[in-house]
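Per-entry structural report
Here is how the chains run, residue by residue.
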Amino acid sequence: MLVAIVALFALILFSGAVTGESVGNGTRIMADRLGADILFVPHGYEKSIQGSLLRGEPSSFYLDGAFEKQLRGMEGIEKTTSQLFVASLQAPCCTLPVQIIGIDPKTDFVVRPWMNTVLTRPMADSEIAVGSRIAGGPGEKLSLFGREFTIAARLDATGMGFDTSVFMDIDRARRLLLASDLASRMNLPEGLARTSFVSSTLVKAAAPGKARETANAVLQRHALDYNLDFVMVAAMVSDISGRLADFSHLFYGLSCLLWLLAVGVLALVFSMALNERKKEFGVMRALGASRVQLVGIILRESLLVSSAGAVLGLVLAGAVLFPFEAYIHARLRMPSLFPGIAALIAAMGGTFLLAALTGPLACIFSAIRLARSETCLFLREDC
Amino acid sequence: MKRSLFAGLPFIALGLLIAATPYCLFPVCAGHVTAASGAFLPMKCFWTARAALGCGGVIACAGIIIALASSPGVRLGAVLALLPLGALVAAFPTVLIGVCQNEMMPCRMGTLPALCLLGTFAGALALITALWLHRQLRNNKGETP
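Okay, so let's go over this structure. Please read all numbers here as calculations on a predicted model, not as lab measurements. For every chain, the first residue of its written sequence is number 1, and the numbers climb from 1 along that sequence. Just so you know, chain letters begin at A and ligand numbers begin at 1, following the order they were written in. Two thresholds apply to this predicted model, a pLDDT of at least 70 for residue-level local features and 80 or more for giving and counting side-chain atom pairs, whereas whole-chain, interface and lining totals are computed over all residues. Heavy atoms throughout the structure, all of them, feed into the side-chain values; hydrogens and water do not.

1. A few points about the overall build of chain B
Helix numbering and strand numbering both begin at the N terminus, where a helix is a DSSP run of H or I of at least 4 residues and a strand a DSSP run of E of at least 2. Of regular secondary structure, chain B possesses 4 helices and 2 strands. Counted from the first residue to the last, chain B has its helices and strands arranged as α-β-β-α-α-α. Relative accessible area decides the class of each residue, using a 1.4 Å probe on protein chains only: under 20% of the type maximum gives buried, over 50% gives exposed, and in between gives partly exposed. When burial is assessed residue by residue, chain B has 46% of its 145 residues classed as buried. Partitioning the intrachain contacts of chain B with sequence separation of at least 6 by distance along the chain shows that 73% fall at a separation of at least 24. Here, residues are in contact when the closest pair of their heavy atoms is within 4.5 Å.

2. Quick look at the packing of helix H2 (residues 44-68) of chain B against helix H3 (residues 72-96) of chain B
Between two packed helices, the angle of one axis relative to the other and the distance separating the axes together describe the packing. All names here are of chain B. At a minimum axis separation of 9 Å, H2 and H3 run at an interaxial angle of 165°. In terms of axis orientation, H2 runs roughly antiparallel to H3. In this structure, H2 crosses over H3, and the sense of that crossing is left-handed. Residues Thr48, Ala51, Cys55, Val58, Ile59, Ala62, Ile65 and Ile66 of H2 touch H3, and the partners they reach there are Val74, Arg75, Ala78, Val79, Leu82, Leu85, Leu88, Val89, Phe92 and Pro93. Classification used: nonpolar for Ala, Val, Leu, Ile, Met, Phe, Trp, Tyr, Cys and Pro, charged for Asp, Glu, Lys and Arg, polar for all others including Gly. Of the residues belonging to the contact of H2 with H3, the class tally is 16 nonpolar, 1 polar and 1 charged. An axis is simply a line fitted to the C-alpha atoms; with a helix, the fit covers only the stretch in contact. Between two such axes, the angle follows the N-to-C directions and lies from 0 to 180 degrees. We call two directions roughly parallel when the angle between them is under 35 degrees, roughly antiparallel when it is over 145, roughly perpendicular when it lies between 65 and 115, and oblique otherwise. The sense of a crossing depends on the near helix, which, turned anticlockwise from the far helix by less than a right angle, makes the crossing left-handed and, turned clockwise, makes it right-handed.

3. Considering the sheet that holds strand E1 (residues 38-42) of chain A
Residues and elements named next belong to chain A. With respect to topology, 9 strands assemble into an open sheet ordered E5-E6-E4-E7-E3-E2-E8-E1-E9, the strand pairing being mixed. Sheet topology places strand E5 (141-144) and strand E9 (228-232) at the edges, where each strand pairs with a single neighbour. Taking the axes of each pair of neighbouring strands and ignoring which way they run, one obtains an average angle of 35° across the sheet. Both E1 and E9 contribute to a ladder of 5 bridges, which runs antiparallel. Across the sheet, the residue bridging to Ile38 is Met232, located in E9. The sheet strands contacting helix H6 (residues 211-226) are E1, strand E2 (77-88), strand E8 (200-205) and E9, and the helix crosses E9 at an angle near 160°. Along the sheet face, helix H7 (residues 233-276) touches E1 and E9 and points at about 50° away from the line of E9. Strands pair, by our definition, only if DSSP identifies at least two bridges between them.

4. Some words on the environment of B:Leu96
Residues and elements named next belong to chain B. Following the sequence through the fold, Leu96 ends up in helix H3. Judged by relative accessible area, Leu96 falls into the partly exposed class, the value being 49%. When residues no more than four places from it in sequence are discounted, the contact partners of Leu96 are Leu88 and Ala91.

5. Re the packing of aromatic side chains
Residue and element names in this part refer to chain A. Each Phe, Tyr or Trp ring, with Trp reduced to its six-membered ring, pairs with another whose centre is within 6.5 Å; inter-plane angles below 30 degrees give stacked pairs, above 60 give edge-to-face pairs, and intermediate values give tilted ones. Within this structure, the stated rule accounts for 17 aromatic pairs over all chains. Seen from their ring centres, Phe247 and Phe251 are 6.0 Å apart, and the 25° between their planes marks the pair as stacked. With Phe247 and Phe251 both in helix H7 and 4 residues apart, the pair spans about one turn of that helix. Overall, the relative accessible area of 29% leaves Phe247 in the partly exposed class. Look at Phe251 and you get buried, because its relative accessible area is 7%. Between the aromatic rings of Phe322 and Phe338, the centroid separation amounts to 5.5 Å while the plane-to-plane angle is 80°, which identifies the pairing as edge-to-face. With Phe322 in the loop between helix H9 (291-321) and helix H10 (325-332) and Phe338 in the loop between H10 and helix H11 (341-356), the pair connects residues that are 16 residues apart, well separated along the chain. Through a chain of ring-to-ring contacts, the aromatic side chains of Phe40, Phe67, Tyr226 and Phe230 assemble into a single cluster.

6. Here's the deal with the pairing of E9(A)
Extensive coverage of E9(A) is indicated by the burial of 5 of its 5 residues. Here E9(A) shows no split at all, with A:Leu228, A:Phe230 and A:Met232 on one side and A:Asp229 and A:Val231 on the other all buried.

Honestly, that's just the spatial picture; any functional story needs more than this.
Quick look at the structure:
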């Protein structure tokens, strides 16, 4: 039971630390990668774009491509680019929809900077780049809407929805969509040009602190004409950071409670066990063991018990966290990227240290009190 | 009798868990692939689930034999048979049949790691139980536990 309590503490502490670190990594990368300050989408689709970016939930929605032209040269705006989101119903091996993201290679400042780390040339018409969680590597084929594409690059993991997305030239994505079975069910708004529609327009504000003012100015001018809504990237990041902070408070609180419980139970059990073994310690003292040696024996025993619990807890946590990493990522519904080896080793080491020290901390007072007692008292029947 | 029940019950529970995992706990994909002939064929994970169901049933039956057999030799034999069965449970979703390639498919995210863990655990438990039963046999020669 002693081992089980320490194991439970180690399991909760390590699992919580790794999960918190994963979400922290995902949030940091999201803040770096997104690049844009404001995302303009059709009215009512702000949740869809968040779902697509954060969790890779495929979705399709459309906006007039002429809107981006209106933004160029507007005060307060540094850069603009547009993206087209298309949910594919087909992918090799399995019917899980895949998010296709069409990017404009001339203006894109979100995907291209990190695509350039793995692909330095422009993509050909029949080429695509895939996220880290899409099956297939460079040179392999992927079928989308009945057309075969060659994977030109596989992007690094981001912990975001980009990991389960496929990237291609925006014009190619548009032609693919219009030629597919989905074209008749697209429900393109009336009057929307079929050669230039997009899904969202991303804006980098000239002054990041004034991004909201810029967004409001754009809405005032163009909201009615283009049926707009917007998402502030800073608010999205802040929302996830807030949820991460809540999770951290919960798990650290739970870990503290478990640690106190472990220390309390261990202290009680060791106190009772030491009392039962008084004669044994009396014999040791009679044979010449010093008080320090006696305390050392007791502390080593408690260290062994709590170390065994720490190892068991870490093994159980590892058996759940590592094989089920993708499942946990999907269920978290937040950007998350598993920590690297160094961070994992640090978390393991820290958890082991805290859990292993629980036993010695719990029994130190009982051990010192026992060692201070007179030897003859140990051997008396009525002690 | 009590000791043999103690030895057999974990395997009955494990067998039922392995059988139920791909259908209840971490269900496999429900879709089909279209062959060149136009026929709809179940995906690899469908067959992995069937195989796991069979293995789980055999493990549970072996657990019943372990719990009810009066001969310690029979119990030891049944436990030894569970060693390769545990390896088989882990091998079906990885090398023998496989599951979908896409990392975010339910079978790859949940069913595969669950079956690998359960198969490994079944094999390890079988090894520990076999060693325990072997020691029992050696220490209690001629005595029925």
